[in-house]
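Given next are the chains, with one letter for each unit.
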Amino acid sequence: MANADLHVHSKYSNHPSEWFLQRIGASESYTEPEDIYNIARKNGMTFVTITDHNTIDGALELVKKHPKDCFVSVEATAYFPEDNCKVHILVYNITKEQFDSIQALRSDIYQLRDFIRKEKLACSVAHGIYSVNNRLTVDHVEKLILLFDTFEIMNGSRSRMNNQPLADVLKNLTKETTDSLIEKHRIEPFSDTPWIKGFTGGSDDHSGLFIGKAFTKAQGNSVEVFVDNLKSRHSMANGRYSNYQSLAFAIYKIAYEFSRKKSSTFSKSFASQLTEKLFSSDSLDLKSKLKIKTYSTLKRREGSKSVFEDLYWDLFTHVTNNGHASTEDKLDSFYDKLSIICDEFFKQLMGSFTKSLEHGDIFGLLKNVSSSLPGVFLTIPFFSTQKHFSNSRTLIRDLKNSFGINGSSGNGKILWFTDTITDLNGVSMIIKKIGWLSSVKDRDVTIVTSIPEDEMTDDLPPNVVNIPHFYTSELPRYENLTVHFPSLMTGLKMLDEYEPDMIYISTPGPVGLFGMLMSKVMNAKSIGVYHTDFTLQARDLFDDSTIENLIESYIRWFYSMLDEIRVPTKEYIDILDRRSYDREKMSVFRRGIDTALFSPAGGNGSYLGKLCGIKGGFTLLYAGRISRDKNLEFLIDVYNSLAVEYPELNLLIAGDGPDMASLKAVSAGNNRLVFTGALRHDSLPRLYSAADLFVFPSTTDTYGMVVMEAQSCGLPAIVTDKGGPKELVVENETGFVLGDTDKEAWMKKITELIELKKQDPGAFKTLKTNSRRHVLENANWDVLLDELTTVG
């Protein structure tokens, strides 16, 4: 068998499509034809060709020097004349005259195909599901299946996701399938057996790094015999797929060649210095050592050695110790070091941002933003190549559906981003529940967060991915809550192979922002869940309209960048609509309850006594965050007034938060008003079951999961007429909705319920029974999980 890399580019290919190369003014390739020949032969290629875009200058140069094992080829840019959709057709072993005809005809792919067939030329459709100018559809792919008999199914510059689906379609074609396509498109097929396809492979290399790593195998002891086997569809594709890292390093390599050939801003930049050490095996001279010191500006905490200097010396030592070690051997080390450098840049930015804000130093802030730009610039090729690979996602899904190779139940791959998963709040509880359920029910859901490693405990579901963080900050007025800034490059590497259909984002913090970025680069539908009304919380916590407006502007911007917004209740859709959120994007995010865990528990007569020393009496219970925005001062005032008439009335406040100390100080001396502190989530059912009435005076909750948990345990609830919880109770059946400042109404209703339990215990029990039934009928997790994971 003979081998040939049937898709390679030389310095004669121009006009780069990649943003990074356009930005620095580089060409598409700088590889010399002779270098292509030498590398290809070294990597086991029997025959060598060059397929530059719409030129054969490089191939002619090669054939002139090596006529026995080289042949002239071209990658022709062709167009569907009906809509100007652009595709690339590889044509092999052609003459100068045939190339001139190809150039004249390529504006009409039908005429080009007819010429290729008439001249009996070998050809292959390059990267058949890559949309060159964003116009490719399933219809175009179907037409290509009829127009041509050979396809490139191993393109070494694209990922498995961009290669395998087309291969699956082509290898499973039948006569019936192609007959239906002929009837649909009225196109004469290339041959009498269009369901039988030939396959080729090629590196699509522009940098010289991966020549011969993807290639074609066919019989042939001469160029002519080898090409004849291509024509007769007796060829196979072999080799490696690419990933976003390989493609990004190829871009860096091109940039390096550019910087060597032309003095420019890039050639003097930090990125240029890094690429010089990655792609050059020269010894470090005095000038190079001085360059290292020049860029050694960020210091490690544990010592004076710069991360930059460490990177340079690491690469230099690797080359020195390993002689002619391949570039691929250096890429992983380079990527990991580059991740550290970018984290250092961004950590410096975040630290200076906080410091500048504290001192009102706007100029200092702008200066440090500017200093972080090299870190941003270094990451761009990696994120842009990931996006490059993901651009075909919609087409791939449509192609699979059209040809019946999806094999899916309709449930998609999901990444779910959250800044909180170990904190004691409703968001964490919901996400952990979704994580466990999806794991048990074999749904492809992965929770993505960024927390300290020691918080990755056994109570977290197994499908949690924890991205390392480079910076941590406490939230103002939320002293016991911190946010972690995930490492961008490390996170990209960890999530590379997940290929999500949908990305859910539960929090608008640093992890949520990373999730938004990943939805863009992975071309996945982004769905934001509006769990928390930070605007109302800011109003209560800061009492500063400037801060409130700033927070609201940011949150509104964040959700405006997402494709859909899931909101806890219909009321909150109206609220956000009034705040200028896009109503068309919003729908209700229904939540479930673990009704097996949250169920009425018997034998709780002595539980409250053991937990907090309470014996007898009617017990009111609040559970949740202990902070001003929960309106707890109002609740305590109501309780104190009622306790005058009902001295055995109890109030339990379960949870923790920033205002715990101040509220306890106000309530000191009353042994029936008890702050339990934070409790384990699985201990709450016994607490709910031991109480008589759930009281939830919050005005800022978008949902109120604890209200549903309480009702699931048979505990009726009183909530305010503000926010989402009012939609969780059925008035007079499972609870009551009262004004958030109407003290008399709260006192009256609680008094009525105290008396109802005394005088008509059956009626009071009916309230408890109705509460449990309401949850069972409206919070089925199995149904809700289907809703969340179905690809729309």
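Let me sum up the structure you'll find in this document. Just so you know, these numbers come straight off a predicted model, no measurement behind them.

Bringing the overall build of the protein into the picture now. Within the protein one finds 31 helices and 24 strands. Within the protein, the proportion of its 792 residues that are buried is 56%. Sequence-distant contacts in the protein: of pairs separated by 6 or more residues, those separated by 24 or more amount to 69%. Carbon and sulfur atoms make up 50% of the accessible area of the protein, which totals about 33400 Å².

Sheet architecture is open: seven strands sit in the order β12-β11-β10-β15-β16-β17-β18, paired in parallel fashion. The strands lining the two open edges of the sheet, one partner per strand, are β12 (464-466) and β18 (586-588). Averaged over all pairs of adjacent strands, the angle between strand axes in this sheet comes to 25°, irrespective of strand direction. Direction of pairing for strand β10 (residues 414-417) relative to strand β15 (residues 502-505): parallel, over a ladder of four bridges. Paired with F417 across the bridge in β15 is I505.

On to the nonpolar core, then. Where a protein is soluble and globular, its nonpolar side chains tend to be buried together. Within the largest apolar cluster, 87 residues are counted, with the highest numbers of intra-cluster contacts made by W416, Y688 and F694. Per element, the largest residue contribution to this core is eight residues, and it comes from helix α25 (residues 632-645). Filtering out sequence-adjacent residues up to four positions away, W416 remains in contact with I431, I434, T446, I447, V448, Y504, S506, V529, F589 and L788. With 57 residues, the next largest nonpolar core counts V74, V125, F199 and F403 among its residues.

Helical geometry note: an α-helix holds 3.6 residues per turn, so side chains three or four residues apart project in the same direction. Residues Q98, F99 and I102 constitute the buried set of helix α4 (residues 96-105). Down the axis of α4, the buried set is contained in an arc of 100°. They therefore lie on one face. Facing away from the buried side of α4 by over 90 degrees, the exposed positions are E97 and A104.

Let us look at the packing of α25 against helix α29 (residues 743-759). As a packed pair, α25 and α29 sit with axes 10 Å apart at the nearest point and diverge in direction by 55°. Between α25 and α29, the interaxial angle falls into the category oblique. As for the relative orientation of α25 and α29, their crossing is right-handed in sense. The segment α25 lies against α29, with F634, D637, V638, S641 and L642 engaging K743, W746, M747, I750 and T751. Residue composition of the contact of α25 with α29, grouped by class: six nonpolar, two polar and two charged.

A cluster of nonpolar side chains, contributed by L513, W557 and M561, occupies part of the molecular surface with about 250 Å² of accessible area. Within the element layout of this structure, L513 appears in helix α20 (residues 510-521).

The next subject is the pairing of strand β4 (residues 85-92). Of all eight residues in β4, seven are buried; the element is thus mostly enclosed. Alignment of strand β3 (residues 70-80) against β4, held across eight bridges, turns out to be antiparallel. Within β4, the residue paired with E75 across the bridge is L90. As consecutive antiparallel partners, β3 and β4 are separated by four residues, and within that stretch N84 has a phi angle of approximately 65°, a positive value. Of the pairings in the sheet, the one linking β4 to strand β5 (residues 122-125) comprises four bridges and is antiparallel in character. Paired with Y92 across the bridge in β5 is A122.

Spatially, six strands are ordered β21-β20-β19-β22-β23-β24 in an open sheet, and the strand pairing comes out parallel. Looking at strand neighbours, the two that pair on one side only are β21 (673-677) and β24 (735-738), the edges of this open sheet. Between one strand and the next, the sheet's axes are offset by a mean angle of 20°, whatever the strand orientation. Sheet topology places strand β23 (residues 717-720) next to β24; four bridges connect them, and they run parallel. Bridge pairing links V719 to V737 in β24. Running at roughly 165° to strand β20 (residues 650-654), α25 makes contact with β19 (619-623), β20, β21 and β22 (693-696) of the sheet. Each of β19, β22, β23 and β24 is contacted by α29, which is oriented at about 170° to β23, the strand it contacts most.

Those residues of helix α9 (residues 223-231) not exposed but buried are V223, F226, V227, N229 and L230. An end-on view of α9 places all buried positions within 155° of arc, on one side of the element. Looking at the residues trailing α9, positive phi occurs at R233, about 65°.

The next thing to look at is unusual backbone geometry. Positive phi values are uncommon outside glycine, yet N84 reaches one of about 65°. A positive phi angle, near 50°, is found at D204, a position not held by glycine. A relative accessible area of 4% means that D204 is categorised as buried.

What counts, and at which threshold
Residues numbered from 1 in each chain as written. Predicted model: local features only at pLDDT ≥ 70, side-chain atom pairs only at ≥ 80, totals over all residues. Heavy atoms only, no water. Helix = DSSP H or I, 4+ residues; strand = E, 2+ residues; numbered from the N terminus. Buried < 20%, exposed > 50% of the residue type's maximum accessible area, 1.4 Å probe, protein only. Contact = heavy atoms within 4.5 Å. Areas by Shrake-Rupley, 256 points an atom, 1.4 Å probe, with all protein chains shown as cover. Pairing = 2+ DSSP bridges. Axes fitted to C-alpha atoms, helices over the stretch in contact; angles between N-to-C directions. Core = buried A, V, L, I, M, F, W, Y, C linked by side-chain atoms within 4.5 Å. Arc of directions from axis to C-beta. Parallel < 35°, antiparallel > 145°, perpendicular 65-115°, else oblique. Left-handed = near helix turned anticlockwise from the far one by under 90°. Nonpolar A, V, L, I, M, F, W, Y, C, P; charged D, E, K, R; others polar. Patch = residues over 30% accessible without salt bridge, like charges linked within 9 Å, V, L, I, M, F, W, Y side chains within 5 Å. Salt bridge = Lys/Arg side-chain N within 4 Å of Asp/Glu carboxyl O.

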